[in-house]
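In case you want the letters, here they are:
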Amino acid sequence: MGRVTERRKVIRIRDGAVSSRPDTLVAEEPLEIRLNGKPLAITMRTPGDDFALAAGFLVSEGVLGAASDLLNIVYCAGATGGGPSLLERSRELGGGSNTYNVVDVRTAPDVVLPDITLERNVYTTSSCGLCGKASLDAVRTTARWPISDTPPLRVGPELLATLPDRLRAAQRVFDRTGGLHAAALFDEDGELLDIREDVGRHNAVDKLVGRALQQGGLPLSRSILLVSGRASFELAQKAVMAGIPVLAAVSAPSSLAVDLAAETGLTLVGFLRGSSMNVYAGEKRITLREAATHG
């Protein structure tokens, strides 16, 4: 299996002085996800937690909702029969050996697959996430656990302000490479439940959600999801599909992410830096002092 990091020789220039030295880089390799033997998606990811990544991806696609929906996940040797795999067709994007780069997710016999899983193949990149949906309507997936129906969860700005430092302190690979996104789950008291790193922020979230599914922890209705970058529509949807009521990001949300949050009842916080933050939707879950709410 590929390593999380790799070493490469670089030419270092500092104040005009030139030297040669090894540098630590985050690894990026393609992962093909098959569903019951059929190619479904390929993502560029940091190797590690591949089974959780695949499971979390299928939660966001509306395929899996409980550990009992999952029969097993196995690594495949590669493409065998039935024409070229997605991985082979995208070899110029990932290239090289596909050992441990193909996983097959087998669902329980009683799981009814959404039609969309049979209609299209998906390619995801480390930067933009999903590409290749059959239609714009297919982007929106019906949530199993409507957030508006979950028991109320209240979070104070003071608690939210502490989370980015806790996330940063737990980013082990980022410290060595500077090239990874992170996603973390916290409970309503601010305790770190889990953290995953990946070259793609959407993959980091899938790894979190997949691990929760494998451990029987869905829905994550008492959790806060913090992401190290921006909050895109896709990340907001992944939070909604996992039943997560609060999504916070250290950077900006997109307009579509805000629209989805308002539509579903998701609490969306952006620009979470120090004691400053913007609440874009779902402010009812944020405990605000009356004197502080003005303008």
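Quick look at the structure, then. (Residues numbered from 1 in each chain as written. Predicted model: local features only at pLDDT ≥ 70, side-chain atom pairs only at ≥ 80, totals over all residues. Heavy atoms only, no water.)

Digging into the packing of helix α1 (residues 50–60) against helix α7 (residues 201–214)
Defined as follows: Lines fitted to C-alpha atoms define the axes, with helix axes restricted to the stretch in contact, and inter-axis angles between N-to-C directions lie between 0 and 180 degrees. Numbering of helices and strands runs from the N terminus; a helix is a DSSP stretch of H or I covering at least four residues, while a strand is a stretch of E covering at least two. Orientation categories follow fixed angle ranges, with anything under 35 degrees roughly parallel, anything over 145 roughly antiparallel, 65 to 115 roughly perpendicular, and all other angles oblique. By definition, residues are in contact when any of their heavy atoms lie within 4.5 Å. Under this grouping Gly is polar, as are all residues other than the nonpolar Ala, Val, Leu, Ile, Met, Phe, Trp, Tyr, Cys and Pro and the charged Asp, Glu, Lys and Arg.
Following both chains from N to C, one finds α1 and α7 inclined at 90°, their axes separated by 6 Å at the closest point. As summarised for this structure, α1 and α7 are arranged roughly perpendicular, according to the angle between their axes. Contact with α1, carried on its side by F51, A52, L53, A55, G56, F57, V59 and S60, involves N203, D206, K207, V209, G210, R211, L213 and Q214 of α7 and no other residues of that element. Here the contact of α1 with α7 is built from residues that sort into eight nonpolar, five polar and three charged.

Points about the packing of aromatic side chains
The line we're drawing: Aromatic rings from Phe, Tyr and Trp, with only the six-membered ring used for Trp, were paired whenever their centres fell within 6.5 Å, and each pair was classed as stacked if the ring planes differed by under 30 degrees, edge-to-face if by over 60, and tilted otherwise. Relative accessibility decides the category of a residue: with a 1.4 Å probe and only protein chains considered, values under 20% of the type maximum give buried, values over 50% give exposed, and everything between is partly exposed.
Summed over all chains, the structure comprises two aromatic pairs. Seen in terms of ring centroids, Y75 and Y100 are 5.1 Å apart; in terms of plane orientation they differ by 85°. Their pairing is edge-to-face. Taken together, the positions of Y75 in strand β5 (residues 70–75) and Y100 in the loop between α3 (91–94) and β6 (102–107) put the pair 25 residues apart, joining distant regions of the chain. We classify Y75 as partly exposed; its relative accessible area is 26%. Following the ring pairs from residue to residue traces out a cluster consisting of F51, Y75 and Y100.

Thoughts on the side chain of T107
Relative to the assigned elements, T107 resides in strand β6. Given a relative accessible area of 9%, T107 falls into the buried group.

Topic: the environment of A54
The topology assignment puts A54 in helix α1. Look at A54 and you get buried, because its relative accessible area is 0%. For the pair A54 and L35, spaced 19 residues apart in sequence, the C-alpha to C-alpha distance is 9.5 Å. Look past the residues within four positions of A54 in its chain and what remains in contact with it is I33, V103 and V105.

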